[in-house]
Structure formats: C-alpha cells, structure tokens
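An overview of the molecular structure
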Amino acid sequence: MKRILTIQDISCIGKCSITVALPIISAAGTEVAVLPTALLSAHTMFEGFTVKDLTDQIEPICSHWKKEGFRFDGIYTGYLANESQITAVKKVIDDFRNEQSLIVVDPAMADNGKLYPGLDMGFAEKMRSLCAEADIILPNVTEAAILTGTPIRQEYEADYIDLLLEKLSALGAKICAVTGVDFGGGVTGVCALHCGEKNRFEHRQQKLACSYPGTGDVFASTFMGAMMRGLSWTKALEIAAVFTARCIELTMADGKDQWYSVHFEQAIPFLLELMEKP
C-alpha cells in the first residue's frame, strides 16, 4: 500500500484540512501519515476558536521519522500559518522526497479576492518558493493571481486564466491547475497546464448556488487520492471537481449550517464509483 504525508492544520470541529484529507485519501486506498502544523478547537468560521501553533514540533517529529527510515510515496501540503512553517515544510520535502514521490502543494492562503486573515504578501512571496518544490500546484483564481503578481479580478475572460497559467508555469511546478474558474453562464470548473508538454486541460460543470468552507481541501485531497491510485492528472482533476460538487449538493439538500462544512462523508461511496470508472 502506498503512503502519503499530508502537512496542514487540524481543526477539531468543522471539516477541513487534515480531518478531510485523512478520510478521503484513506478511502481511496492510500495510507495517510499526518504532520499537523497547528491545532484549532474549530475552523476559523467559528468565533472564539483556540489555536496552538505546532511549528516547533515539525523538526523533532521528522527527526524521529528519519531514524525509523520512514518513506512516503507522496507529500501533500495544505494551509500553513506562517513563513516559518513554509521554511520547515520545504526542509521536510527535501528530506523525504525521492525520484518516485509526488509533491502536491495547495497554496491555501486566499479566496474571494483577498488573503486569509493573518497572512500578508511576505507570506505569499515565501509560498512561491514552496510551489517551486512541487510537481503539481492547485491554487484557486485569487491565489494564482497573488502568486504571479497579477492584478486580482473577480470578473474576467478566458485570456486572464491563460495568463495565470503561463505565469504559474514559471514558478517551477510541472503541472499548474487553477480551481474555481468562472467560465460565465453559470459554469465553473478547473483549468490546468502541463508545463513541459504544454498540454492544457479544462473541466467544466454547473456552478452551484452555495459555497462552503473546506471545499478546497476536499478537492485537493480527492485529487491526491486519485493520483495515488495511478489515475492520470487530468482524470484526477475531473474526479476532484465532480466529487466536490456532489458534496456541495448533499449539503445544500440538508439546508443547514452553510458555514460549517460539506457532508463529504455521505458522498464517499460516490467517490469510489468515480475512481473505478474508466
């Protein structure tokens, strides 16, 4: 069985980050090791949440792993809280990657035209260096604009996404995928570019009426799980988009707690069906 390492925070209540990555990737048939960067009582949509920074635990944990000879077939990074964590994560990648390992970076730092609270452009600059270590990066449109120094647009044409992909390719990753692309006319999806082969890919689907926290984590975790099953990067992106949409549909049908997170658990059987389809 393959084993991946995911590096991001744990929110004890509210489904995001590690509490999404672990069950989804495990369901896809891959063992998940975790390296928590922080411990939150609940995700940040809850008022008064507590947080314990775990930056100082990254090095001793990894030192133990090296002594034990642990190896990983992939490393997937999500939300990181500060520049020091980016530096630490880059060292983790250097220490544990090999010729076969897949490095996926979700530069979870912004959405809806602005950076997340507590993050600044210094953090974004440092995130560029982490993206350079990746085989595949998965920014949303806002993150792609910030990473590339491109003016942020809420409304745009196709050439804007093409420009983002071209600039992202200069960061160093082999494949750049921009998520949450608005194609207009009630259609959303993902656009991606294989930088070496200049192979461009699009997946389009109906834009749903609601949005929820944690859907980016669902997408990235699903993508990582599909890749570890040996599926192509284009198929993995398609599955991640379709599964995320299904999670949103199930949550909309429930009609409660839009700020909480999506009901991905109910959609796991659907995910396995998707991964078995040719």
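The sections below set out a description of the structure shown in this document. (Residues numbered from 1 in each chain as written. Predicted model: local features only at pLDDT ≥ 70, side-chain atom pairs only at ≥ 80, totals over all residues. Heavy atoms only, no water.)

Description of unusual backbone geometry
Residues other than glycine seldom take positive phi values, yet Asn 112 does so here, at roughly 50°. Among the structural elements, Asn 112 can be located in the loop between β6 (110–111) and β7 (114–115). We classify Asn 112 as exposed; its relative accessible area is 59%. With phi around 55°, Lys 198 is a residue other than glycine that occupies positive phi space. Topologically, Lys 198 is positioned in the loop between β10 (187–194) and β11 (199–206). Assessed through its relative accessible area of 59%, Lys 198 is described here as exposed. (Helix = DSSP H or I, 4+ residues; strand = E, 2+ residues; numbered from the N terminus. Buried < 20%, exposed > 50% of the residue type's maximum accessible area, 1.4 Å probe, protein only.)

A look at the packing of helix α1 (residues 18–27) against helix α7 (residues 215–228)
Across the interface, α1 lies against α7 with an axial gap of 9 Å and an inter-helix angle of 30°. Comparing the axis directions of α1 and α7 gives the class roughly parallel. The chirality of how α1 crosses α7 is right-handed. Residues Val 20, Ala 21, Ile 24 and Ile 25 of α1 pack against Asp 217, Val 218, Ser 221, Thr 222, Met 224 and Gly 225 of α7. (Axes fitted to C-alpha atoms, helices over the stretch in contact; angles between N-to-C directions. Parallel < 35°, antiparallel > 145°, perpendicular 65-115°, else oblique. Left-handed = near helix turned anticlockwise from the far one by under 90°. Contact = heavy atoms within 4.5 Å.)

Topic: the sheet that holds strand β5 (residues 102–105)
Pairing is mixed across the open sheet formed by 9 strands, whose spatial order is β3-β2-β1-β4-β5-β8-β9-β10-β11. Taken across any chain shown, the strands that pair with only one partner, and hence form the sheet edges, are β3 (51–53) and β11. As judged from the 2 bridges shared by β5 and strand β8 (residues 136–137), these two strands associate in the parallel manner. Its bridge partner being in β8, Val 105 is matched across the sheet by Ile 137. Lying over the sheet, α1 contacts β1 (3–11), β2 (31–40) and β4 (74–77), oriented at roughly 150° with respect to β1. Relative to β4, α7 is tilted by about 175°, and along the sheet it contacts β1, β4, β5, β8, β9 (175–184) and β10. (Pairing = 2+ DSSP bridges.)

Description of the pattern of salt bridges
Scanning the model with the defined rule gives 14 salt bridges in all. A salt bridge links Arg 200 to Asp 162; the shortest N-O distance between them is 2.8 Å. Linking Arg 200 in strand β11 with Asp 162 in helix α6 (residues 158–169), this pair joins segments that are 38 residues apart in sequence. Given the relative accessible area of 34%, Arg 200 is considered partly exposed. (Salt bridge = Lys/Arg side-chain N within 4 Å of Asp/Glu carboxyl O.)

So, helix α8 (residues 233–254)
Compared with the 32 Å implied by 1.5 Å per residue over 22 residues, the 32 Å span of α8 between its first and last C-alpha is a close match. Positive backbone phi, approximately 75°, marks Gly 255, located one or two places after α8. (Expected span 1.5 Å × (residues − 1).)

So, the state of the cysteines
Per the stated rule, a full pass over the model turns up 0 disulfides. Of all cysteine sulfurs in the structure, the one in Cys 195 sits closest to Cys 176, which takes part in no disulfide; the separation is 3.7 Å. Cysteine Cys 210 shares no disulfide, and the gap to the nearest cysteine sulfur, in Cys 247, comes to 14 Å. Given a relative accessible area of 26%, Cys 210 falls into the partly exposed group. (Disulfide = S-S within 2.5 Å.)

Some details on the packing of aromatic side chains
Under the definition given, this model contains 7 aromatic pairs. Look at Trp 65 and Phe 96: their rings are 6.1 Å apart centre to centre, the planes differ by 75°, and that puts the pair in the edge-to-face class. Placement of the pair is Trp 65 in helix α2 (residues 55–68) and Phe 96 in helix α3 (residues 83–96), with a sequence separation of 31 residues. For Phe 96, a relative accessible area of 1% puts it in the buried group. Seen from their ring centres, Phe 201 and Trp 233 are 6.1 Å apart, and the 75° between their planes marks the pair as edge-to-face. One end of the pair, Phe 201, is in strand β11; the other, Trp 233, is in helix α8, with 32 residues separating them in the sequence. Each member of the pair Phe 201 and Trp 233 is classed as buried. (Phe/Tyr/Trp six-rings, centres within 6.5 Å; stacked < 30°, edge-to-face > 60°.)

Description of the side chain of Gln 85
Along the polypeptide, Gln 85 turns up in helix α3. Only 2.8 Å separates the side chain of Gln 85 from the backbone nitrogen of Ala 81, close enough to count as a polar contact. (Polar contact = N/O pair within 3.5 Å; in protein donor to acceptor, adjacent residues only side chain to side chain.)

Remarks on the environment of Leu 168
When you line up the elements, Leu 168 lands in helix α6. We classify Leu 168 as buried; its relative accessible area is 0%. For the pair Leu 168 and Gly 149, spaced 19 residues apart in sequence, the C-alpha separation works out to 10.0 Å.

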